[in-house]
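# Fold and geometry: a report
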Amino acid sequence: MSSVFTKIINGDLPGRFVHRSDDVVAFLTVEPITEGHTLVVPVREVEHWIDLDRDEMSRLMHVARLVGRAIDAVYEPTRIGMMIAGLEVPHTHVHVLPIDSESDLRFANARAAEPEDLDRVANLLSTAIQELDEG
């Protein structure tokens, strides 16, 4: 059975993508911890990140870094947080988000976002990624 992320990647469920390539995508979560919270996901459905091959892990981190740099350019936070928790969806994903303190990394802070806010953030981050894209 396909994960919810595979359904988003395949267009069966809506997603607000800020990056898309053949092997890695990045899209906004609908319940962000902080504005700009983005999920970086390998296209191939792999449940646990330690099961990614070296090249997949390298591409995943490359895109996470690119997304992080875009978030930094847009929001200018104290830091860019990154987490791989993997308990909510059985499909490897990296959470990349602007943070000003460690308490900003708590899933208890997540709240449903309004569609228009997600559209605005996706536009901001997509534009920043295009300006920063390192190939």
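For clarity, every value in this text was computed on a predicted model and none was experimentally measured.

### A look at the side chain of Glu56
Counting through the fold element by element, Glu56 comes out in helix α2 (residues 54–75). Note on Glu56: relative accessible area 18%, which makes it buried. A polar contact of 2.6 Å, which involves the side chain of Glu56, links it to the side chain of Arg44.

### Focus on the nonpolar core
In this structure, Val18, Leu28, Val40, Val67, Val96 and Leu125 are the most contacted members of the largest nonpolar core, which totals 22 residues. Elements represented by at least two residues in this core include exactly β2 (24–28), α2, β5 (94–99) and α3 (115–132). The leading source of residues in this core is α2, at 7 residues. Not counting residues within four places of it along the chain, the set of residues in contact with Val67 comprises Ala26, Thr38, Val40, Val96 and Ile129. Core analysis: the second largest hydrophobic core is formed by 8 residues, Phe5, Phe27, Val41 and Val89 among them.

### As for unusual backbone geometry
We note that Glu76 has phi near 50 degrees; this positive angle belongs to a residue other than glycine. As for its position among the elements, Glu76 is in the loop between α2 and β4 (79–83).

### Points about the packing of aromatic side chains
The description of two aromatic rings rests on the distance between their centres and on the angle between their planes. By the definition in use, this model includes 2 aromatic pairs. Pairing Phe5 with Phe27 gives two aromatic rings, centres 5.5 Å apart and planes at 70 degrees, and the pair type is edge-to-face. Of this pair, Phe5 sits in helix α1 (residues 4–9) while Phe27 sits in strand β2, and the two are 22 residues apart along the sequence. Its relative accessible area of 6% is what places Phe5 among the buried residues. Considering the side-chain rings of Phe17 and Phe27, the 5.5 Å spacing of their centres and the 65 degrees angle between planes classify their relative orientation as edge-to-face. Remark: Phe27 occurs in strand β2 and Phe17 occurs in strand β1 (residues 17–20); sequence separation between them is 10 residues. Classification of Phe17 as partly exposed rests on a relative accessible area of 21%. Residue classification places Phe27 among the buried residues on the basis of a relative accessible area of 2%. Members of the aromatic cluster, joined through ring pairs, are Phe5, Phe17 and Phe27. Taking the ring centre of Phe17 as reference, the NZ or CZ of Arg20 above it sits at 4.0 Å.

### Concerning the layout of surface pockets
Reported here for the largest pocket is a volume of approximately 400 Å³. Forming the boundary of the largest pocket are 20 residues, of which Phe5, Thr29, Val30, Glu31 and Leu39 lie nearest the centre. Counting only elements with at least two residues in the lining of the largest pocket, the list comes to α1 and β2. Considered class by class, the residues forming the lining of the largest pocket number 12 nonpolar, 5 polar and 3 charged.

Criteria and cut-off values
Residues numbered from 1 in each chain as written. Predicted model: local features only at pLDDT ≥ 70, side-chain atom pairs only at ≥ 80, totals over all residues. Heavy atoms only, no water. Helix = DSSP H or I, 4+ residues; strand = E, 2+ residues; numbered from the N terminus. Buried < 20%, exposed > 50% of the residue type's maximum accessible area, 1.4 Å probe, protein only. Polar contact = N/O pair within 3.5 Å; in protein donor to acceptor, adjacent residues only side chain to side chain. Core = buried A, V, L, I, M, F, W, Y, C linked by side-chain atoms within 4.5 Å. Contact = heavy atoms within 4.5 Å. Phe/Tyr/Trp six-rings, centres within 6.5 Å; stacked < 30°, edge-to-face > 60°. Lys NZ or Arg CZ within 6 Å of the ring centre and 35° of its normal. 1 Å grid on protein atoms, 1.4 Å probe; cavity = no way out; pocket = protein on both sides within 12 Å on 5 of 7 lines; lining within 4 Å. Points joined across faces, edges and corners; volume = space filled by probe spheres on them. Nonpolar A, V, L, I, M, F, W, Y, C, P; charged D, E, K, R; others polar.

Structural measurements only, silent on function.
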